[in-house]
Amino acid sequence: MTNVRQFPKSPQNKSVKSHRKHPGPVGGGLAGGGPAFHLPDFNGDPVDVLMMVIQAGGMYLIPTTDRPVDDLPTTHLLRTMDALNALTDVANVLIYHAMRHPADYSQEDADALIGKGKQAQKVMRKLDEMLPPDDFIMTMDSYGPDLMAEYATNAAMIVASTFAMDIMAYYYEPFIRTGKDQRKAMFRDFQSAYREARDECLSRSEGHEFLIKELASANRALQKVLKES
């Protein structure tokens, strides 16, 4: 990831373990960009929704040069899964707020956001399930498992970034456009950063699709030869 805009990391963000877990959401704050704007969560505690969306990016949109050298093959996928869980928590705050004020917020838009979140989680689970354990990937005398890990991680980053953009699009009309949240410049900056990150991953996925297509074609030819031999 060569993403040019540095997403802030939450001080509560814990290091990723080698086994697959789903830690809780992140919080914290970022200096500048105007006064913070809060919405109540399920417990009535104030939540800075925009900041949580931005900090979720800091969990997985890490420049390649900044990643720890001791990362395991699935480590970055785990970071991205954790980020999607944090984004899901953010979306739930927005949906809860809309449900409590049905006259002020579009329930159709809230339902659409719920659907997008469910689809994102479904795809993320599928990507997680397709990958073998780290020790298998590292000990296998083949480039195949490494390619699988690279493909799954890149796909997961597309899923998380797309959902982050969905949340920001939902947040814009009732809070940014109306001026309730005055951090429009910050909103636009990180909205663009998410878009750039997603576009970079989409470009990389085109290479993966080409390889998969060519491998599938070559494998069909090989299987035909073996059947005829």
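Quantities reported herein were computed from a predicted structural model and do not represent experimental measurements.

Asks: Let's hear about the overall build of the protein chain: which residues, and what values?
Replies: Counting secondary structure elements, the protein chain contains six helices and two strands. Ordered by position in the sequence, the α and β elements of the protein chain form the string β-β-α-α-α-α-α-α. Looking at the protein chain residue by residue over its 229 residues, the buried ones come to 43%. Here the analysis covers contacts within the protein chain between residues at least 6 apart in sequence; of these, 77% occur between residues at least 24 apart. Of the accessible surface of the protein chain, which amounts to about 12500 Å², a share of 55% is contributed by carbon and sulfur atoms.

Asks: If you had to explain the pattern of salt bridges to someone new, which residues and values would you point to?
Replies: Close approach of charged atoms allows side chains of opposite charge to pair. Evaluation of the coordinates by the stated rule reveals six salt bridges. Arginine 177 is the partner of glutamate 173 in a salt bridge, and the nearest nitrogen-oxygen pair spans 2.6 Å. Of this pair, glutamate 173 and arginine 177 both sit in helix α5 (residues 144–177), separated by four residues, roughly a single helical turn. Owing to a relative accessible area of 54%, arginine 177 belongs among the exposed residues under this scheme. Its salt-bridge partner being aspartate 181, residue arginine 183 comes within 2.8 Å of it at the nearest N-O pair. A relative accessible area of 2% means that arginine 183 is categorised as buried.

Asks: Describe the packing of helix α1 (residues 49–60) against α5, listing the residues and the values that go with them.
Replies: The axes of two packed helices give the description: the angle between them and the distance between them. Packing of α1 against α5 leaves a shortest axis separation of 11 Å and a crossing angle of 170 degrees. Accordingly, the angle class assigned to the pair α1 and α5 is roughly antiparallel. Handedness of the α1/α5 crossing: left-handed. Between α1 and α5, the contacting residues are Val49, Leu50, Val53 and Tyr60 on the first element and Met157, Ala160, Ser161, Ala164, Ile167, Met168 and Tyr171 on the second.

Asks: Report on the packing of α1 against helix α2 (residues 75–100), specifying residues and quantitative values.
Replies: Running from amino to carboxyl end, α1 crosses α2 at an angle of 170 degrees, the nearest separation of the two axes being 8 Å. Relative to α2, the element α1 lies roughly antiparallel. Facing α1, whose interface residues are Val49, Met52, Val53, Ala56, Met59 and Tyr60, α2 presents His76, Arg79, Thr80, Asp82, Ala83, Ala86, Leu87, Val90, Val93 and Leu94. Broken down by class, the residue content of the contact of α1 with α2 amounts to 12 nonpolar, two polar and two charged.

Asks: Residue-level account of the nonpolar core, with values.
Replies: As a rule of thumb, soluble globular proteins bury nonpolar side chains together. Val49, Val53, Ile167, Tyr171 and Tyr194 are the most contacted members of the largest nonpolar core, which has 60 residues in total. Of all the secondary structure elements, the ones that give two or more residues to this core are α1, α2, α3 (107–130), α5 and α6 (184–228). For this core, the element with the highest residue contribution is α5, accounting for 18 residues.

Asks: Outline the packing of aromatic side chains, supporting the account with residue identities and numerical values.
Replies: The description of an aromatic ring pair uses the distance of the two centres, along with the angle that the planes make with each other. Inspection of the entire model under this criterion finds seven aromatic pairs. Ring geometry for tyrosine 172 versus phenylalanine 187: centroids 5.7 Å apart, planes at 40 degrees, classification tilted. A residue pair is termed long-range when its members are at least 10 positions apart, and tyrosine 172 in helix α5 and phenylalanine 187 in helix α6 qualify at 15 residues. Side by side, tyrosine 172 and phenylalanine 187 carry an identical accessibility label, which is buried. Here a set of aromatic residues connected by ring pairs shows up, and it is made of Phe37, Tyr105, Tyr171 and Phe175.

Asks: Let's hear about a nonpolar patch on the surface: which residues, and what values?
Replies: On the surface, a cluster of nonpolar side chains totalling about 300 Å² of accessible area is made up of Phe210, Leu211 and Leu215. Mapped onto the secondary structure, leucine 211 falls in helix α6. Residue classification places leucine 211 among the partly exposed positions, given a relative accessible area of 38%.

Each value, and the rule that gives it
Residues numbered from 1 in each chain as written. Predicted model: local features only at pLDDT ≥ 70, side-chain atom pairs only at ≥ 80, totals over all residues. Heavy atoms only, no water. Helix = DSSP H or I, 4+ residues; strand = E, 2+ residues; numbered from the N terminus. Buried < 20%, exposed > 50% of the residue type's maximum accessible area, 1.4 Å probe, protein only. Contact = heavy atoms within 4.5 Å. Areas by Shrake-Rupley, 256 points an atom, 1.4 Å probe, with all protein chains shown as cover. Salt bridge = Lys/Arg side-chain N within 4 Å of Asp/Glu carboxyl O. Axes fitted to C-alpha atoms, helices over the stretch in contact; angles between N-to-C directions. Parallel < 35°, antiparallel > 145°, perpendicular 65-115°, else oblique. Left-handed = near helix turned anticlockwise from the far one by under 90°. Nonpolar A, V, L, I, M, F, W, Y, C, P; charged D, E, K, R; others polar. Core = buried A, V, L, I, M, F, W, Y, C linked by side-chain atoms within 4.5 Å. Phe/Tyr/Trp six-rings, centres within 6.5 Å; stacked < 30°, edge-to-face > 60°. Patch = residues over 30% accessible without salt bridge, like charges linked within 9 Å, V, L, I, M, F, W, Y side chains within 5 Å.

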